Amino acid sequence: MPRSLRLMFSGGVAVGLGLLAHSVQAQETKTDDAPQQMQRVEITGSSIKRIAAEGVSPITVIKADDFTKVGSTTAAEVLSTISGNQTQFSTASNVGAGKTVGAAADLRGLGSNKTLVLLNGRRLANSAFDGSAVDLNVIPIAALDRVEVLRDGASAIYGTDAIGGVINFITTRSYTGLNLSAEGILPQQAGGAEKRVNLSGGIGDLDKDRYNFFGVIDYHTQNGVKASDRNFSKLGGQNPGVGLNASSGNSYPANFTDINSGASGNPYAGNCSSVSPFAFNRRGICRYNSQANIGIVPKTEEIALLGKGTFKLDADNTASIEYLHSQSKVKTYIAGDVFAGDVSGTSSDYYITNSSPFYPGNGITPANANASGGPLSLNWRSQEAGQRVTESKNSTDRLLLSLEGNKFGWDYKTGLSYSVSKAEDNLAGGYLNNDMVRAGLLNGVINPFGPQTAAGTAYLKSAQLYGTYEDARTQTTSVDFTASRELFQLPAGAVGFAIGGEFRKEKANFNVDHALADLDSSTGSQDAKSSSGTRNVKAVFTELSVPIFKSLEAQLAARYDRYSDVGGTLNPKVGLRFQPAKEIMFRTSYSTGFRAPSLYELNDPNSKTFTNSAYNDPVLCPGGNVAAGGVEARDCGQQFFKLQGGNKNLQPEKSKSFTLGMVIEPIPSVTASVDYFNIKIKNQISVVSEGDIFADPVKYAANYVRNADGSLNYVTDTNVNLGNVHTQGFDLGFAWRAPKTAWGNFGLSLDGTYVTQYDYQSAVGGAYLNNLAVYGGGVGTAGGVVFRWRHTATLNWSQGPWSGVLQQVYTTGYRDQNGPNVVTAYKNHQVGDYTRYNLSGSYTGFKNLTLTAGIKNLFNTDPPASNVTDNFQYGYDARYGDAIGRAFFVRANYQFF
């Protein structure tokens, strides 16, 4: 038994802890026609309406009341409590990155491009940047009724790309009245304060008035957090606690290379910190601790508006129109602009001559023996121009016209939708005009070694660049239709049948403003070319629900999709549900999947950006030692350029998924489930881990592109088909409703995932590598880890108008990245287990008013220490750790009528 399970079940540690995560149970609805008529409903994972919502596929449901009680303010935060959501591109991951999705889910750790995200059962347009996933920041969380997570492949039902699973955000269907909610979250430490305000209202009773109109407007904002605000990040790359020794040779004060002699140095090498608190001496030059001078949590602002009108055409049929507009802004802060000399002394170089008043030994800057009096090529960082600030804007609009009901004995639904996703990355401060910087260095206005004069400060201010350097737009137009009915009766019951089709047209455009994108400091879009793509997708699908015996039901489904650019694919699904007694149920399913490369993966403009981590040039600085022709400040411990972007030669991904599980209810108050999953993927689309490229320069020799003088220009790291992935494990669920007591009503439940295997190939036909409990290159584009065990557990309590929730979120540890910036003694560093508690209480004793107060991260637990350098924030891993710490929140909800 893993250590986490021993902890959970010994000593009563887990008593009273748990997330209310359960499989959907059959529900009875009273109507005017019958005292207890069973209502047929459609559940995520099937197109057939049925009475029993418990199907062949495991589903987790989170009600909106459950996640608002614990202070979850974003869709990404809600999903972070789902144990099967192994890794996540969080908003904090935007720091130091361009062209991102904003925030994304990732079921099973297979990549966000294999998790299908729906809103009310239909697709949203994927994020315009990283256009193979939905940006979770645009989900209208205040309008949600619940979130349903289907934990097996659903390619035969929803689309071929639902390989890892489906997340269906379901909004309120109708609403009458007016409701106002306001929430504030105040961290104990500096930064990260949040506020949320939402207003919802509706008129019209669908049964009496034959119409209902309702709308929601939701506004949320969060302040940023600086690296210096937290103990675990303030040391940046110079963190002896995890053996991290990472820094940049592009420094303030600037390092120089004498163009005539090739000698390197720094006039302040003896005391670099006298010029900048982020600089320190190493081997005669100044290194810059850039990651100590960043924001680790971005400043964010989100607004969402959802409006829906529903009209009852007759007793069985309704028509509706729905419009969603949602937008988010993410503002990130990183260290000052970088200007790296190329030792050429030409118009492309950043250099000064001895005519500059700031030349070493001319009176202002101390002399240095390695400055011969000739031109000096510089590696400089413009700290005094301020941090580089990027503002990313993402928006989604969706208009949906739909009909649903019953005609001629068929349940049907059909819809016409138009979705648009827009994204843009903007320079908002700290980025300088390269040509002006070159001129300012040559004419002696800019001081690269120390404080600027008034003229230098004014010059740097005039050199600031602002505006949109890259934008993108994706749009999806789709028509869908589904009809279902009972075909005929078998001795064991009725055979359910569904048939449907979909036509979808996708377009994507990526535009680059080269005046801003081609900065030498790298916006992430240097040398990119505008591009576009389009495709049509046609699909037909069918589903059968066959009661073989009273206790045994089969689900048979198949879907044929035809992509205009990659051809057709047929994907079946077979499922069985066996219930020999009302207290126990077994289920199993097998399905295949096929994910065509997204328009973004195919057409993303190839561009240069800096590597996430710092590396040594394997030729000019092998093992961190300068070789012949090498330059310390240029070739050792540097973030080099890499070429990233799309690849029109990508092949589709294919998958096979198998699940086997059981649900037991030994007594009415206890439900427990266990589900085994096994997923295999061929031709995974991703990028080679940059760490792998630098770790094996022989294998990846073709990825290195060098300048004429032998220095490294960039490494090629565009999208490729890497090979196969194989993962398997178990999902466990538990829910207990305690008998009523004099102290109130108690409920306890658990949602946990135990992974037994996660192997991947870094190249087609290559050896399989382990990524389970080990940091590796098989997860996402920047590497990551698949946790062996994760769980969320919650204790719910209520008595009269009072209620309370205590929630525990737990993750096991893993072997750290232990990359090239880590000292030898820490090459086997282990990241520790991670446990957080959230506590809240609510009171409904006032008329129409609900008050909630609580504490997130009750014990102020820091994220576990990590020496990872792939994700820009150092000292911890922002994808898995909470940088906010203990935070107090209050929420008020008032219903006017």
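Analysis parameters
In this numbering scheme, every chain counts its residues from 1 along its sequence in written order. Given that this is a predicted model, residues contribute local features only at a pLDDT of at least 70 and side-chain atom pairs are listed and counted only at 80 or more, while totals for whole chains, interfaces and linings are drawn from all residues. Only hydrogens and water are set aside; all other atoms, that is, all heavy atoms of the structure, feed into the side-chain values. DSSP-based pairing: two strands are paired if at least 2 bridges between them are found. Each helix corresponds to a stretch of at least 4 residues labelled H or I by DSSP, and each strand to a stretch of at least 2 residues labelled E; elements are numbered beginning at the N terminus. Two cysteine sulfurs form a disulfide in these notes if their separation is within 2.5 Å. The cut-offs for exposure are 20% and 50% of the maximum accessible area for each residue type, with area from a 1.4 Å probe on protein chains only; residues under the lower value are buried, those over the upper are exposed, and the others partly exposed. To get an axis, a line is fitted to the C-alpha atoms, and for a helix only the part in contact is used. The angle between two axes follows their N-to-C directions and goes from 0 to 180 degrees. Centres within 6.5 Å are what make two rings of Phe, Tyr or Trp a pair, Trp counting through its six-membered ring; a difference in plane orientation under 30 degrees is then read as stacked, over 60 as edge-to-face, and the rest as tilted. In this scheme, Lys NZ or Arg CZ marks a charge over a ring once it lies within 6 Å of the ring centre and within 35 degrees of the ring normal. Working definition of a nonpolar core: buried Ala, Val, Leu, Ile, Met, Phe, Trp, Tyr and Cys residues. They are joined through side-chain atoms within 4.5 Å. Whether two residues touch is decided by their heavy atoms; if any such pair falls within 4.5 Å, the residues are in contact. Polar contacts here mean pairs of N or O atoms no more than 3.5 Å apart (in protein, one a potential hydrogen donor and the other a potential acceptor; neighbouring residues in sequence count only if both atoms are side-chain atoms). The predictor reports its confidence for every residue as pLDDT, a score running from 0 up to 100. We define a salt bridge as a contact between a side-chain nitrogen of Lys or Arg and a carboxyl oxygen of Asp or Glu at a distance within 4 Å.

Visitor: Please explain the pairing of strand β19 (residues 317-334) as it appears in this structure.
Guide: Two faces, one strand: in a regular strand the side chains alternate between the faces of the sheet. Where strand β18 (residues 299-312) lies against β19, 14 bridges are found, and the strand directions are antiparallel. Residue pairing across strands places Leu-306 opposite Leu-324, the latter belonging to β19. Counting the residues in the hairpin turn of β18 and β19 gives four residues. Both β19 and strand β23 (residues 388-407) contribute to a ladder of 18 bridges, which runs antiparallel. Its bridge partner lying in β23, Gln-327 is registered against Ser-395.

Visitor: How should the state of the cysteines be read in this particular structure?
Guide: By the definition in use, this model includes two disulfides. Here Cys-272 is linked by a disulfide to Cys-286, with a sulfur-sulfur distance of 2.1 Å. For the disulfide bridge between Cys-272 and Cys-286, the dihedral angle about the S-S bond is near -90°, and by the sign convention the bridge is left-handed. Pair noted here: Cys-272 is in the loop between β14 (264-265) and β15 (279-282) and Cys-286 is in strand β16 (residues 285-288), with a separation of 14 residues, a long-range link. Each member of the pair, Cys-272 together with Cys-286, is buried. The disulfide partner of Cys-621 is Cys-636, and the S-S distance across this bridge is 2.0 Å. One disulfide, between Cys-621 and Cys-636, carries an S-S torsion of 110° and so falls in the right-handed class. One end of the pair, Cys-621, is in the loop between β31 (607-610) and α9 (632-635); the other, Cys-636, is in the loop between α9 and β32 (641-644), with 15 residues separating them in the sequence. The connectivity of the disulfides in the chain is 1-2, 3-4, where the numbers refer to bonded cysteines in sequence order.

Visitor: Can you walk me through the sheet that holds strand β36 (residues 704-706) in this structure?
Guide: Paired through their backbone hydrogen bonds, the strands of a sheet run either parallel or antiparallel. Pairing is mixed in the open sheet, where four strands are placed in the order β31-β32-β37-β36. Of all the strands in the sheet, just β31 and β36 have a single pairing partner and so form its edges. Recorded for the sheet is a direction-independent mean angle of 35° between the axes of neighbouring strands. Pairing analysis gives three bridges linking β36 to strand β37 (residues 712-716), with the strands arranged antiparallel. Looking across to β37, one finds that Tyr-704 is bridged to Val-715.

Visitor: Can you help me understand the packing of aromatic side chains in this one?
Guide: All told, the structure shown has 23 aromatic pairs when counted by the stated rule. Ring geometry for Phe-658 and Tyr-676: centres 6.3 Å apart, planes at 65°, overall edge-to-face. With Phe-658 in strand β33 (residues 653-664) and Tyr-676 in strand β34 (residues 670-682), this residue pair connects regions lying 18 residues apart in the sequence. Classification of Phe-658 as partly exposed rests on a relative accessible area of 32%. Residue Tyr-676 is classed as buried on the basis of its relative accessible area of 18%. Here Trp-802 and Tyr-843 contribute two aromatic rings whose centre-to-centre distance is 4.4 Å and whose plane-to-plane angle is 45°, an arrangement assigned as tilted. One end of the pair, Trp-802, is in strand β43 (residues 802-811); the other, Tyr-843, is in strand β46 (residues 834-846), and 41 residues separate them in sequence. Within the aromatic cluster, the residues linked to one another by ring pairs are Tyr-615, Phe-640, Phe-694 and Tyr-704. A cation over an aromatic ring shows up here: Arg-108 above the ring of Phe-677, its NZ or CZ 3.7 Å from the ring centre.

Visitor: How should I be thinking about the nonpolar core in this particular structure?
Guide: As a rule of thumb, soluble globular proteins bury nonpolar side chains together. Judged by nonpolar contacts, the single largest core of 29 residues is most densely connected at Phe-67, Leu-79, Leu-136, Val-147, Ile-167 and Phe-169. Of all the secondary structure elements, the ones that give two or more residues to this core are α2 (64-69), α3 (75-79), β3 (115-119), β5 (144-150), β6 (165-171) and β9 (211-222). The greatest single-element share of this core, amounting to four residues, is contributed by α3. Residues contacting Val-147, with those up to four places away along its chain left out, are Thr-60, Val-61, Ile-62, Phe-67, Leu-79, Ile-167, Asn-168 and Phe-169. The next biggest cluster of nonpolar side chains, apart from the first, holds 24 residues, and it includes Phe-339, Ala-371, Leu-378 and Leu-460.

Visitor: I keep staring at the side chain of Asn-719 and nothing clicks. Help me out?
Guide: In this fold, Asn-719 is placed in the loop between β37 and β38 (720-721). Apart from the residues within four sequence positions on either side, Asn-719 is in contact with Glu-601, Gly-645, Gly-646, Asn-647, Leu-650, Ser-686 and Val-687.

Visitor: Help me understand unusual backbone geometry, please; the structure alone is not making it clear to me.
Guide: With the exception of glycine, most residues fall at negative phi, and the peptide bonds are largely trans. Omega for the bond connecting Tyr-252 with Pro-253 falls within 30 degrees of zero, at 10°, which places this linkage in the cis form. Within the secondary structure layout, Pro-253 lies in the loop between β12 (244-245) and β13 (255-258). Phi at Asn-818 takes a positive value of approximately 50°, unusual for a residue other than glycine.

Visitor: Would you take a moment to explain the environment of Arg-886 for this structure?
Guide: Relative to the assigned elements, Arg-886 resides in the loop between β47 (849-856) and β48 (887-895). Contacts of Arg-886, omitting those with residues within four sequence positions, involve Pro-187, Gln-188, Ile-855, Lys-856, Asn-857, Leu-858, Phe-859 and Asn-860. Looking at Arg-886, its side chain comes within polar contact range of the main-chain oxygen of Leu-858, at 2.8 Å.

Visitor: Sorry if this is basic, but what is going on with the sheet that holds strand β4 (residues 122-123) here?
Guide: Overall, mixed pairing links the five strands, which are arranged β2-β5-β6-β3-β4 in an open sheet. Strands at the two margins of the open sheet, each flanked by one partner only, are β2 (59-63) and β4. Looking at chain direction, β3 and β6 are connected through five bridges and run parallel. Note that in β6 the partner of Leu-118 across the bridge is Asn-168.

Visitor: So what exactly am I meant to see when it comes to the confidence of the model for the chain here?
Guide: Any residue range with low pLDDT should be treated as having predicted coordinates unsuitable for detailed reading. The share of residues in the chain with pLDDT of 70 or more is 91%, and the mean pLDDT across the chain is 87. Here strand β1 (residues 17-18) stands out as the least confident element of the chain, with mean pLDDT 28; helix α6 (residues 454-462) is the most confident, with 97. Here residues 1-41 is modelled with pLDDT under 50, and outside its nearest four sequence neighbours on either side it reaches 91 contacts, counting other chains as well. Predicted confidence is poor over residues 49-53, with pLDDT under 50, and the contacts of this stretch with residues over four places away or in other chains come to 20 contacts.

Visitor: Quick question: what am I supposed to make of the pattern of salt bridges here?
Guide: When their charged atoms lie close together, side chains carrying opposite charge are able to pair. In the structure shown here, the tally under the stated rule is 36 salt bridges. Across the salt bridge formed by Arg-282 and Glu-632, the nearest N and O atoms sit 3.3 Å from each other. Taken together, the positions of Arg-282 in strand β15 and Glu-632 in helix α9 put the pair 350 residues apart, joining distant regions of the chain. Look at Glu-632 and you get buried, because its relative accessible area is 9%. A salt bridge links Glu-632 to Arg-283; the nearest nitrogen and oxygen atoms lie 3.1 Å apart. Of this pair, Glu-632 sits in helix α9 while Arg-283 sits in the loop between β15 and β16, placing them 349 residues apart in sequence. The network of salt bridges with common partners includes Glu-502, Arg-504, Glu-506, Arg-535, Arg-559, Asp-561 and Asp-565.

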